[in-house]
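# Structural description and commentary
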Protein chains: 2
Amino acid sequence: MDTQTLVLYAIPAAGVLALLYAFFTASWISRQSTGTEKMATIAGHIADGAIAFLKREYKVLIIFVVSVAILLGWANMGREGTSPMIAVSFVVGAFCSALAGFFGMKVATKANVRTTHAARTGLAEALNIAFSGGLVMGLSVVGLGIIGLSSLFIIYSRMFTDMGEVINLISGFSLGASSIALFARVGGGIYTKAADVGADLAGKVYEGIPEDDPRNPATIADNVGDNVGDVAGMGADLFESYVGSIIGTMVLGAAFIPMFNEIGFTNPIAAVMLPLVLAAVGILVSIGGSFLVKVKEGGNPQNGLNMGEFGASIIMAVLSYFLITSFLPATWTAEGFVYTSVNVFYAVIIGLAAGVMIGLITEYYCSTDKAPVIGIARQSITGAATTIIAGLGVGMMSTALPVLVLAAAIVASHYLAGLYGIAIAALGMLSVTGIQLAVDAYGPISDNAGGIAEMAGLPPEVRERTDKLDAVGNTTAAIGKGFAIGSAALTALALFAAFRQQAHIESLDISQPIIMAGLLIGAMLPFVFSAMAMGAVGRAAGDMINEVGRQFREIPGLREGTAPAEFAHCVDISTKAAIREMILPGMLGVLVPVVVGFISKDMLGGVLAGVTSSGVLMAIFQSNAGGAWDNAKKRIEGNIEFDGVVYGKGSDTHKAAVVGDTVGDPLKDTSGPSINILMKLIAVVALVIAPLL
Amino acid sequence: MDTQTLVLYAIPAAGVLALLYAFFTASWISRQSTGTEKMATIAGHIADGAIAFLKREYKVLIIFVVSVAILLGWANMGREGTSPMIAVSFVVGAFCSALAGFFGMKVATKANVRTTHAARTGLAEALNIAFSGGLVMGLSVVGLGIIGLSSLFIIYSRMFTDMGEVINLISGFSLGASSIALFARVGGGIYTKAADVGADLAGKVYEGIPEDDPRNPATIADNVGDNVGDVAGMGADLFESYVGSIIGTMVLGAAFIPMFNEIGFTNPIAAVMLPLVLAAVGILVSIGGSFLVKVKEGGNPQNGLNMGEFGASIIMAVLSYFLITSFLPATWTAEGFVYTSVNVFYAVIIGLAAGVMIGLITEYYCSTDKAPVIGIARQSITGAATTIIAGLGVGMMSTALPVLVLAAAIVASHYLAGLYGIAIAALGMLSVTGIQLAVDAYGPISDNAGGIAEMAGLPPEVRERTDKLDAVGNTTAAIGKGFAIGSAALTALALFAAFRQQAHIESLDISQPIIMAGLLIGAMLPFVFSAMAMGAVGRAAGDMINEVGRQFREIPGLREGTAPAEFAHCVDISTKAAIREMILPGMLGVLVPVVVGFISKDMLGGVLAGVTSSGVLMAIFQSNAGGAWDNAKKRIEGNIEFDGVVYGKGSDTHKAAVVGDTVGDPLKDTSGPSINILMKLIAVVALVIAPLL
């Protein structure tokens, strides 16, 4: 067995290692105590609701997956340069994505109550459990992603001789991952916000209903929502990003095969394998980094998380240098452009730096201590209208610097290593997704732990500890967001370039009317998509409000706290609404590129450019406006002084800030993050149908 | 004198006719009675405030105009294909735009009180005065536009032999018009909304201050704002659109000169002159159409306005057929594309049809009787947060159909007559700007008339009549909006194509990273611009709130209505704030294309595509969200029933709707309409600097 083959087989092995480590971590979590009987009961309700939602969601998605698979297989039958096997890739991609979501959520719904129990005695163990729960999610995502991708690559490489065809077939895997991700993100986002907004507003509509109170029948649904939206939805999202950036790089790397052969390089597919190798090493680094996450009793958990994530990123950056320079030829030429392996490494570093910068900018605009959020808090003094205007302004203004950073990263990484440089810069941001996702998923687990503490009537110091856990990790989460947005833009761009290659389009002259028409249509999609998502949250929240009102009217003793609420009804409403409402926006992403593509592939090129540009803007605007409103509310809850007057919880200023927070909820947790997926999904669909156009 | 020369001189003559007719109409308005002494005093305050603002605004703009003129003259000195004379065009364009704004506003501030007086006795005469006031504005705009453009064209045609150079020099006129328009729209928009939002919110912050009450010291500033924002700002805006669409068509028409010479056509510059001829005939048709605007006592004024605008449009469409087919050769070929004069005519019709359709869609989303607005009203039951979410959703969703219509119009008009077809489709929408603008400006005049009736303590039936005047013309105004958005997009596209020609860019391949980076930056501009505009309104409104509070604290008897408020201070605050805050967003539009252009002209191409696509979306979203919130509030004020419960003025539902209306104010009256100008200004700047790159 030569070195190339050895390396090739080592890649899925790293994935298997990730799954094994995740399995042992999950078993360890399961062995921890669930605390009092009441805690266990509540946690059981949450876990049941979450799994029930996932099962129903997957039932609907199976119909979608099977239909698309049949269509894909049929459309690619008997064609040059493609094969019905693409349908297999698609199904495997969809299955891996769904499985990663299932594993992650299963463990998250175990970790929450165990975190609560650990928080009864101290901070260190609570952090450990919450983070471990997140880690299982992170490692499931990267493990299944790398196993699926590399296995298909190995199998197809033996079945087909043309590497272009192999890569084309693998892009089906990305399509499966992206479409499941879009449905999961949108469905999960609608679920969680319908419950959240509905529970909050029920108190406004019907007198005497307590908001944020265990008696409110929507609270269990709200906690289920955290798991299906922020854990399973985010997992599917990052699975999609991870896979998309790897495949984007593989597609563009395939263009180097003739040049590598020409210079007699031993491994002609080195540029295709490199993203898989980087991802595999990233898994090992993520596992290593997880050992750095520790907090001493009384210490700041933030330091532990930072150590883990930044430690892993730095180690990965150093290793990348050695991997890239030893894996690729020192220098080669393609289409008159001189590539060097060192420049490819610099492109990775540019990606990492851009991600960190976008993250820090995001943090600035959403941080409770900084001018933008304080400005929104101040505007809340004059009521809800000025709160909203200020937040919209902050969100829109916050697009400026990230876009400039992105534009610079695009130009610089392209200058260094062409389109391959752009693709690998995106991969640079995502190589340690394993630990990043662990930090991200740790947030909703801590949040859930706090909810359980409240509902189970535990002493206030438990809630204080879980709040402390929840509050930290903001910086790391912001940087994760930066990576998500940055990598989405770069990956969409790489996929766009790959589409142009595969569709044999010479040039997409944007001043041509047909392409300009496509550009306008593409730019419109994130707006319409957001409108659909917001409308869905509004309708579902309305149903929830009515149900909460009904229960308070019809169940005697509920108001007094002597009779239990019918939690299951609320869970059911959120589940049904989310499933029903996710279909239309999800289909938008799949159907539009197909319809436009068969009208004109040039117009489809315009659509890709439009959806990427307007998508990046809308995603940043919505996430940051929502984040800033949320923190302005929190800032006021911690009492804030303006011109000698102190404003705090319960004041009119706080009420205005709550309006901002509620408006921001669907923006930052439903439509905003879904747009990142939408733009990549449209690009992947275009890439997959390119040979048919 | 040959026919060509005769036609050429007839064009400015039509402009002179428009100004003469405007002058006589203005004199007739001046001769009408101003009613009681109190009415005259109030109207005097409004007129003084408006003129004072305009004077200060123009003082600042003179510095800008002189600086840019010097730079333009210097940069174009001693270069091939251009000349420092472009600075003269620029100054003339800026001057004509400013003059049109001045005339229009001067007359509007006379017409308002006279409309109030006429409304004391009946509806017919009031409509007549209000519409005549608007007509003076409309005719000043088109008269000065056509005189300026055609005079420069005649003069330069004699000075320079190369038609390409002549057209390039004339584009300076458009630059002058666009830059003044952006400052006027933004400045006027900030002024009017600072006063409006400030006056409304003062009551919220300081107890016992009446909102919407003559005692509120910000009311005069609010009425001044209607004039500087909705009359002068809109006038500059439409002057810019009108001039931009004519010049865009002229630039593209110049490409046909060699072909016309080749086929031995008598008038080789026919395609360059055609837009001027259509505009000149449009002036005559507008004047004719104004005679159709009549209402019988007790009749519906809507019918009168519709008769005028639709009558003029239909007559113009019919005349266009004869003008175009007799003016252009029946058929000619350029770059392998066969053009026919009949197809050019069809392109005009497509432009008109697209404008009307966008207008009707706009009306659907903003109409008090239709589902979107009723939906927002219903969501107001659950509070301000759901009102805002619903309105954002309606605004975003409302982008879908107009964008599809636009995309179809772009593809169809290009299919019929190439880029020239797109440009002339835009012109088709704007050929009867004279009467359209009259209908648009009629709105704020009636609004002001109502304000004066209230402040002068006239009997309620007067206010009822002015409200009736104000309420009609919604359809016509919506169609005007459709024309504004549609023509802005098409004109920006035509200017974009013209830029590509002038900058000698072969192809702008959007999948190239440098262009993609430009696309992202361009798409970001409308977001940042909107954030600046919203921030400016917020800050200025804050100043206003403080001043109103100070007066109520410090002026004894103000609260009781026995002492007069210090109106002038509020006028001063709005004026200063508007002037101060308009600079930065205004400079954004001028500087970004220059900076980007000197980095890379390809990147500038990307910026143009980005700002056009995201600008169209943001403009539609913001205008329609604002319009829908406004009408949802109005709908509730007229009492609305949901599920057997009636919600009306003063209810919590109404309060929630008021929040929506206030949020919508800066969106629909400051940032939204300014974006239409922003995207054209950036394109014109690019066009003007193209020979220097």
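Heads up: these notes are all about the structure in this document. Since we're looking at a predicted model, the values are computed, not measured. (Residues numbered from 1 in each chain as written. Chains lettered and ligands numbered in written order. Predicted model: local features only at pLDDT ≥ 70, side-chain atom pairs only at ≥ 80, totals over all residues. Heavy atoms only, no water.)

### Thoughts on the relation of the copies chain A and chain B
For the pair chain A and chain B, the relating rotation is 180 degrees, the translation along its axis is 0.0 Å, and the fit reaches an RMSD of 0.0 Å. These values place the two chain copies in the arrangement generated by a two-fold rotation axis. Taking C-alpha positions as reference, the residue of chain A nearest the rotation axis is Asp509(A), located at 2.3 Å. Of the residues that chain A buries at the interface, 100% are likewise interface residues in chain B, meaning the two copies contact each other through the same surface. (Least-squares fit on C-alpha atoms with pLDDT ≥ 70 in both. Contact = heavy atoms within 4.5 Å.)

### Details of a nonpolar patch on the surface
Taken together, Val16(A), Leu20(A), Phe23(A) and Phe24(A) make up a surface patch of nonpolar side chains, about 420 Å² in accessible area. With respect to the element layout, Phe24(A) can be found in helix α1 (residues 3–31). (Patch = residues over 30% accessible without salt bridge, like charges linked within 9 Å, V, L, I, M, F, W, Y side chains within 5 Å. Areas by Shrake-Rupley, 256 points an atom, 1.4 Å probe, with all protein chains shown as cover. Salt bridge = Lys/Arg side-chain N within 4 Å of Asp/Glu carboxyl O. Helix = DSSP H or I, 4+ residues; strand = E, 2+ residues; numbered from the N terminus.)

### Structural notes on the nonpolar core
Among the nonpolar cores identified, the biggest contains 538 residues, and Phe153(A) and Phe153(B) are the most heavily contacted of them. Beyond its immediate sequence surroundings of up to four residues, Phe153(A) is in contact with Leu8(A), Met163(A), Val166(A), Ile170(A), Met250(A), Ile269(A), Val272(A), Met273(A) and Leu276(A). (Core = buried A, V, L, I, M, F, W, Y, C linked by side-chain atoms within 4.5 Å. Buried < 20%, exposed > 50% of the residue type's maximum accessible area, 1.4 Å probe, protein only.)

### So, the packing of helix α17 (residues 513–554) of chain A against helix α19 (residues 601–637) of chain B
With their axes 9 Å apart at the nearest point, α17(A) and α19(B) run at an angle of 45 degrees to one another. Our classification of the angle between α17(A) and α19(B) gives oblique. Crossing of α17(A) against α19(B): the hand is right-handed. Facing Met516(A), Leu519(A), Leu520(A), Ala523(A), Met524(A) and Phe527(A) of α17(A), the residues of α19(B) in contact are Ala609(B), Thr612(B), Ser613(B), Val616(B), Leu617(B), Met618(B) and Phe621(B). Of the residues belonging to the contact of α17(A) with α19(B), the class tally is 11 nonpolar, 2 polar and no charged. (Axes fitted to C-alpha atoms, helices over the stretch in contact; angles between N-to-C directions. Parallel < 35°, antiparallel > 145°, perpendicular 65-115°, else oblique. Left-handed = near helix turned anticlockwise from the far one by under 90°. Nonpolar A, V, L, I, M, F, W, Y, C, P; charged D, E, K, R; others polar.)

### A closer look at the pairing of strand β2 (residues 337–340) of chain A
Residues and elements named next belong to chain A. Two elements, strand β1 (residues 331–334) and β2, share 4 bridges in a ladder whose sense is antiparallel. Within the sheet, the bridge partner assigned to Thr333 lies in β2 and is Val338. Here β1 hands over to β2 after 2 residues, with Glu335 in that stretch at a positive phi of 45 degrees. (Pairing = 2+ DSSP bridges.)

### Let's talk about a positive patch on the surface
There is a patch of like positive charges on the surface, built from Lys55(B), Lys59(B), Lys106(B) and Lys110(B). Every element with two or more residues in the positive patch is listed here: α2 (37–75) and α3 (85–119) of chain B. (Lys, Arg positive; Asp, Glu negative; His and termini not counted. Charge placed at Lys NZ, Arg CZ, Asp CG, Glu CD.)

### Some remarks on the interface of chain A and chain B
Buried accessible area, meaning the area lost when the parts come together, often serves as the stated size of an interface. Between chain A and chain B, the contact holds 64 residues from the first and 64 residues from the second. Both sides of the chain A and chain B interface together cover about 5,600 Å² of buried area, and 86% of this is carbon and sulfur. The interface formed by chain A and chain B contains 2 salt bridges. As a salt-bridge pair, Arg500(A) and Asp509(B) come within 2.8 Å of each other at their nearest N and O atoms. In this structure, the connection of chain A to chain B is made through 7 residue pairs in polar contact (both at pLDDT 80 or more). Only α5 (163–205), α12 (384–397), α13 (400–430), α16 (474–502), α17, α19 (601–637) and α20 (652–689) of chain A provide two or more residues apiece to the side of chain A that touches chain B. Here the side of chain A that touches chain B gets 17 residues from one element, more than from any other, and that element is α17(A). Here the residues of the side of chain A that touches chain B are counted per class, giving 45 nonpolar, 15 polar and 4 charged. (Buried area = accessible area lost by both parts, 1.4 Å probe. Polar contact = N/O pair within 3.5 Å; in protein donor to acceptor, adjacent residues only side chain to side chain.)

### Here's the deal with the packing of helix α6 (residues 219–253) of chain B against helix α20 (residues 652–689) of chain B
Residue and element names in this part refer to chain B. Interhelical geometry of α6 versus α20 gives an angle of 35 degrees and a closest axis separation of 11 Å. In this structure, the crossing between α6 and α20 has a hand that is left-handed. Together, Asp237, Glu240, Ser241 and Val251 of α6 and Pro673, Ile677, Lys680 and Leu687 of α20 make up the contact between the two elements.

### Quick look at the environment of Ile349(A)
Here Ile349(A) is to be found in helix α10 (residues 341–366). With 28 residues separating them in the primary sequence, Ile349(A) and Tyr321(A) have C-alpha atoms 9.4 Å apart.

### Quick look at empty space enclosed by the protein
A water-sized probe rolled over the atoms picks out the places where empty space is left. The tally for this structure, following the rule as stated, stands at 5 cavities of 30 Å³ or more. Around the largest cavity sit 14 residues that line it, and Leu54(B), Glu57(B), Tyr58(B), Ala184(B) and Ala232(B) are the ones nearest its centre. Sorting the residues of the lining of the largest cavity by element identifies α2, α3, α5 (163–205) and α6 of chain B as the ones contributing at least two each. Here the lining of the largest cavity is built from residues that sort into 9 nonpolar, 4 polar and 1 charged. One number sums up the size of the second largest cavity: a volume of about 50 Å³. What lines the second largest cavity is simply Phe53(A), Leu54(A), Glu57(A), Tyr58(A), Ser97(A), Gly101(A), Ile180(A), Ala184(A), Val228(A), Ala232(A), Gly233(A) and Ala236(A). Taken together, the elements giving at least two residues each to the lining of the second largest cavity come down to α2 (37–75), α3 (85–119), α5 and α6 (219–253) of chain A. Of the residues that constitute the lining of the second largest cavity, the class distribution is 8 nonpolar, 3 polar and 1 charged. (1 Å grid on protein atoms, 1.4 Å probe; cavity = no way out; pocket = protein on both sides within 12 Å on 5 of 7 lines; lining within 4 Å. Points joined across faces, edges and corners; volume = space filled by probe spheres on them.)

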